[in-house]
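Here are the chains, one letter per residue:
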Amino acid sequence: MGPNNTQKEEPELEFILRQLRHYATLSRQTKPPAPYSSKTNWKRWWKWVQWHRLSPIIASQDLALAKAPTSVIEALRKAQTANALRSLNRKREHRRILSAFQSNGIELLAIKGPALEHLYPKSAISRYAGDLDLLTRNEAIANAEKILLELGYRKIPGDLPSFTEPHLSPKQRQFLTKHESHLRFRHSESNLVIELHWKLSPNSHTWAIPFDLLWERRTSFPIGDQTAFTLSLEDHLMFLVLHGAFHAWFRLFWLFDIALLLGQATPKTIESLLNDASQHHCARALAGTLELLRTTLQLSIPSQGNSSPELPPDLSSYPRSLQSRFILPERRSPIESLRHLTYRYHLLETLSAKTEGLMHFSISPLDFERMPLPDRLFPLYMALRPLFWLQRKLTR
């Protein structure tokens, strides 16, 4: 489905896209979008805004909402207030966690969240405040998890098993480390969710950047009276590209994050990003992202040379078809889910990456708790996965 069809069938979403295009090119002083029409279906409009987590961004443009009903304006104000409170809570918890980790000699990098929030133009727009994503060394994960438990965080029920759980066998622990990338914890009182990462890509053959190099290239940003660290601009961009591609871009604000960061990048930074993508087997993911930026936000990314990556023929039509995801926030059909799993597989560029990708889908660490098996029977998890998957679906 192309952009013209999207505009005809979903005028509310098309207006949101026009507004995002304006915000994504603030430095170019583009003309703001015209106000909403009095014929706007506000119920559908609010559904898109909530699904894509765009209320803090959309609420920043009062002119565009000149014809909106009072109930819509009030809903946006309430959403803004709730978002501001979540942001304050997240910053407070970030400072508390940062202090605890530093006291225990654990290096910590913030990714997404507050690390991106401070890059948004303060006078124009705000960013949706959700989880707090943190990255540390693989060797420090067990100690980091213990610190989070001491601070009142608990593993989310039904999520991946944690490294401190005694029932994990050496083989299970090894599989979890290699084929997953983070664990999730929720605070018992504030409900803030922490995603604790030990690597930035679940596939060890795609963008396998050592933590030492990420730490060496880190940048800093203030958080209250403390100094927090985050990824370099190039590393952050590549992480956001892989994160969005892994999830098949079902939220627009992920794409908007990348558009804003690219707006701050120099041609040299973009050229470095392109070179890193080629060197670390991420060129397809980056090419798909750049095409999606062009087709959705009408944003072209210039580079110094002719090294901009291109999608292979079997993926060339995918970024445009992804726009159908933006207008379908309802539960995906099994066929669509299979199609996006196939897309993720085709993004993998080497045989080693594809082999590891197949293994990732063949065995689920969720099954380690459901049926603990000795290491000599570990391959049975592959045969039992369809049964376990069906059991989870039926008991959900």
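Definitions and cut-offs
Residues numbered from 1 in each chain as written. Predicted model: local features only at pLDDT ≥ 70, side-chain atom pairs only at ≥ 80, totals over all residues. Heavy atoms only, no water. pLDDT = per-residue confidence, 0-100. Helix = DSSP H or I, 4+ residues; strand = E, 2+ residues; numbered from the N terminus. Contact = heavy atoms within 4.5 Å. Expected span 1.5 Å × (residues − 1). Buried < 20%, exposed > 50% of the residue type's maximum accessible area, 1.4 Å probe, protein only. Axes fitted to C-alpha atoms, helices over the stretch in contact; angles between N-to-C directions. Parallel < 35°, antiparallel > 145°, perpendicular 65-115°, else oblique. Nonpolar A, V, L, I, M, F, W, Y, C, P; charged D, E, K, R; others polar. Salt bridge = Lys/Arg side-chain N within 4 Å of Asp/Glu carboxyl O. Core = buried A, V, L, I, M, F, W, Y, C linked by side-chain atoms within 4.5 Å. Polar contact = N/O pair within 3.5 Å; in protein donor to acceptor, adjacent residues only side chain to side chain. Pairing = 2+ DSSP bridges.

1. Considerations on the confidence of the model for the chain
- Here the chain shows a mean pLDDT of 83. Residues at 70 or above account for 82%.
- For the chain, helix α1 (residues 3-9) is the element with the lowest average pLDDT, namely 43, and strand β5 (residues 193-197) is the one with the highest, namely 97.
- This model gives residues 1-8 a pLDDT under 50, and the stretch forms 16 contacts once residues within four places in sequence are excluded.

2. Concerning helix α10 (residues 233-246)
- Under the 1.5 Å per step criterion, the end-to-end length of α10 is 20 Å for 14 residues, consistent within 8% with the ideal 20 Å.
- When you tally the buried positions in α10, you get 11 out of 14 residues, the bulk of the element.
- Restricting attention to buried positions, one finds in α10 the residues D235, H236, L237, M238, F239, L240, V241, L242, H243, G244 and A245.
- A248 sits one or two positions beyond α10 and adopts a positive phi of about 60°.

3. A word on the packing of α10 against helix α13 (residues 283-296)
- With their axes 9 Å apart at the nearest point, α10 and α13 run at an angle of 85° to one another. Between α10 and α13, the angle falls in the class roughly perpendicular. Across from M238, V241, L242 and A245 in α10, the residues of α13 making contact are A285, L286 and T289.
- For the contact of α10 with α13, a count of residues per class yields 6 nonpolar, 1 polar and no charged.

4. Re the pattern of salt bridges
- Taken as a whole and judged by the stated rule, the model has 12 salt bridges.
- The shortest N-O distance in the salt bridge between D133 and K112 comes to 3.8 Å. Separated by 21 residues along the polypeptide, D133 in strand β2 (residues 132-135) and K112 in the loop between β1 (109-111) and α6 (113-117) bring together distant segments of the chain.
- Judged by relative accessible area, which is 3%, D133 ranks as buried.
- Between D212 and R137 there is a salt bridge, with the nearest N and O atoms lying 2.6 Å from each other. One end of the pair, D212, is in helix α9 (residues 211-216); the other, R137, is in the loop between β2 and α7 (141-150), with 75 residues separating them in the sequence.
- Note on D212: relative accessible area 48%, which makes it partly exposed.
- With relative accessibility at 25%, the residue R137 sits in the partly exposed group.

5. Focus: the nonpolar core
- Among the nonpolar cores identified, the biggest contains 64 residues, and L54, M238, L262 and L293 are the most heavily contacted of them.
- The leading source of residues in this core is helix α11 (residues 252-264), at 10 residues.
- Sequence-distant contacts of L262, that is, excluding residues within four places in its chain, are made with L237, I270, L273, L290, L293 and I301.
- In terms of nonpolar packing, the next biggest core, distinct from the first, is built from 37 residues, I97, L98, A144 and L192 among them.

6. Section: the side chain of E93
- Relative to the elements of secondary structure, E93 occurs in helix α5 (residues 70-103).
- With relative accessibility at 6%, the residue E93 sits in the buried group.
- For E93, the side chain forms a polar contact with the side chain of R96, separated by 2.9 Å.
- Apart from the residues within four sequence positions on either side, E93 is in contact with Y153, H187 and L192.

7. Structural notes on the environment of A245
- By the element assignment, A245 lies in helix α10.
- The class for A245 is buried, based on a relative accessible area of 3%.
- Spatially, the C-alpha atom of A245 lies 9.7 Å from that of R284, the residues being 39 residues apart in sequence.
- If we ignore the near neighbours within four places in the chain, the residues touching A245 are A285, Y343, R344 and L347.

8. Focus on the pairing of strand β4 (residues 182-187)
- Only one face of β4 is buried: it carries L183, F185 and H187, and the other face, with H182, R184 and R186, is open.
- In the sheet, strand β3 (residues 153-155) pairs with β4 via 3 bridges, with the strands oriented antiparallel. Bridge pairing links K155 to F185 in β4.
- As defined by bridge partners, β4 adjoins β5 across 5 bridges and the pair is classed as antiparallel. Directly across from H182, in β5, lies its bridge partner H197.
- The turn joining β4 and β5, which pair antiparallel and follow one another in sequence, is formed by 5 residues; a positive phi near 70° is taken by N191.

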